[in-house]
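So you can see what is in the structure, the chains are spelled out below.
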Amino acid sequence: MRTTTAIPTELKVLMNHIYELHKGVRHMVLFTCNKKYSEQTIKRLESQGIPYLLQPAGRQNQNIYFGRRECLEAIRLIVTRPLNELTPEEDFILGAMLGYDLCAQCERYCKRKKGKCECDGACDGHCINRN
């Protein structure tokens, strides 16, 4: 009888991120996982020679940034506190570096930075003049 071991979903996601990194789809990844998977994650990254940075993310989770060294060096300078405490500019840079949708990042930045639009709210926060 054959015994199969189920691979936790978080580790499947990790393997997909590593695949995308190797294929050049991504230059950097932010992988958030339960701390119980941190050791396995670090072993996998080290076995493949992938540089990484660790950041606590609450009591049970760990943020693990990995990818190109130059990206991680920038992350080391930008992300010096919990993600929810980043300035709008730091949040924008991080999102762009992670390859998030640029227009969504711009929208998020403007909402966080302004808090309201330039037309004093008459447009429900969407005040872009279109010609």
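Residues numbered from 1 in each chain as written. Predicted model: local features only at pLDDT ≥ 70, side-chain atom pairs only at ≥ 80, totals over all residues. Heavy atoms only, no water.

J.: Would you explain helix α5 (residues 102-114) in this entry?
T.: Because the α-helix completes a turn every 3.6 residues, residues three or four places apart line up on one side. Along its 13 residues, α5 runs 18 Å from first to last C-alpha, staying within 8% of the 18 Å computed at 1.5 Å per residue. Capping of α5 at its N-terminal end is provided by aspartate 101; its side-chain oxygen lies 3.1 Å from the backbone amide nitrogen of cysteine 103. Once α5 ends, the next one or two residues include glycine 115, with phi positive near 80°. (Helix = DSSP H or I, 4+ residues; strand = E, 2+ residues; numbered from the N terminus. Expected span 1.5 Å × (residues − 1). Polar contact = N/O pair within 3.5 Å; in protein donor to acceptor, adjacent residues only side chain to side chain.)

J.: Explanation requested: the packing of helix α4 (residues 88-97) against α5 in the structure shown.
T.: The description of two packed helices rests on the angle between their axes and on the distance between the axes. Put simply, α4 and α5 touch, their axes get as near as 9 Å, and they point 170° apart. One finds that α4 runs roughly antiparallel with respect to α5. Side by side, α4 and α5 meet where Pro88, Glu89, Asp91, Phe92, Gly95 and Ala96 of the first sit next to Leu102, Gln105, Cys106, Arg108, Tyr109, Arg112 and Lys113 of the second. When the residues that make up the contact of α4 with α5 are grouped by side-chain class, the tally is six nonpolar, two polar and five charged. (Axes fitted to C-alpha atoms, helices over the stretch in contact; angles between N-to-C directions. Parallel < 35°, antiparallel > 145°, perpendicular 65-115°, else oblique. Contact = heavy atoms within 4.5 Å. Nonpolar A, V, L, I, M, F, W, Y, C, P; charged D, E, K, R; others polar.)

J.: Can you walk me through the pattern of salt bridges in this structure?
T.: For side chains bearing opposite charge, pairing can occur when the charged atoms are close. Within the structure shown, the criterion is met by nine salt bridges. Among the ionic pairs, lysine 43 bridges to glutamate 39, the shortest N-O distance being 3.4 Å. One end of the pair is lysine 43 and the other is glutamate 39, both in helix α2 (residues 38-47) and four residues apart, which spans about a single turn. Since its relative accessible area comes to 56%, glutamate 39 is described here as exposed. Two residues, arginine 76 and glutamate 73, come together in a salt bridge whose shortest N-O distance is 3.3 Å. With a gap of three residues between them, arginine 76 and glutamate 73 both fall in helix α3 (residues 69-78), about one helical turn apart. With relative accessibility at 45%, the residue arginine 76 sits in the partly exposed group. A residue is classified by how much of its surface remains accessible, and glutamate 73, at 43% relative accessible area, is partly exposed. Where salt bridges share partners, they join Asp91, Arg108 and Arg112 into one cluster. (Salt bridge = Lys/Arg side-chain N within 4 Å of Asp/Glu carboxyl O. Buried < 20%, exposed > 50% of the residue type's maximum accessible area, 1.4 Å probe, protein only.)

J.: Which parts of the structure should I look at to understand the sheet that holds strand β2 (residues 52-57)?
T.: Two strands in a sheet stick together by hydrogen bonds in their backbones, pointing the same way (parallel) or opposite ways (antiparallel). Taking strand neighbours across the sheet as the criterion, the three strands line up as β1-β3-β2 in an open arrangement whose pairing is antiparallel. Each edge of the sheet is formed by a strand with only one pairing partner; in this case those strands are β1 (28-34) and β2. Sheet twist, expressed as the mean angle between neighbouring strand axes with direction ignored, is 20°. In this sheet, strand β3 (residues 61-67) lies alongside β2 in antiparallel orientation, the contact comprising six bridges. Paired with proline 56 across the strands is glutamine 62, a residue of β3. (Pairing = 2+ DSSP bridges.)

J.: For this particular structure, what's the right way to read the pairing of β3?
T.: If a strand is regular, its side chains alternate between the two faces of the sheet. With six of seven residues buried, β3 lies mostly within the body of the structure. Bridge count between β1 and β3: seven bridges; the pairing is antiparallel. Its bridge partner lying in β3, phenylalanine 31 is registered against isoleucine 64. Connecting the antiparallel pair β2 and β3 is a turn made up of three residues, with glycine 58 showing a positive phi of about 85°.

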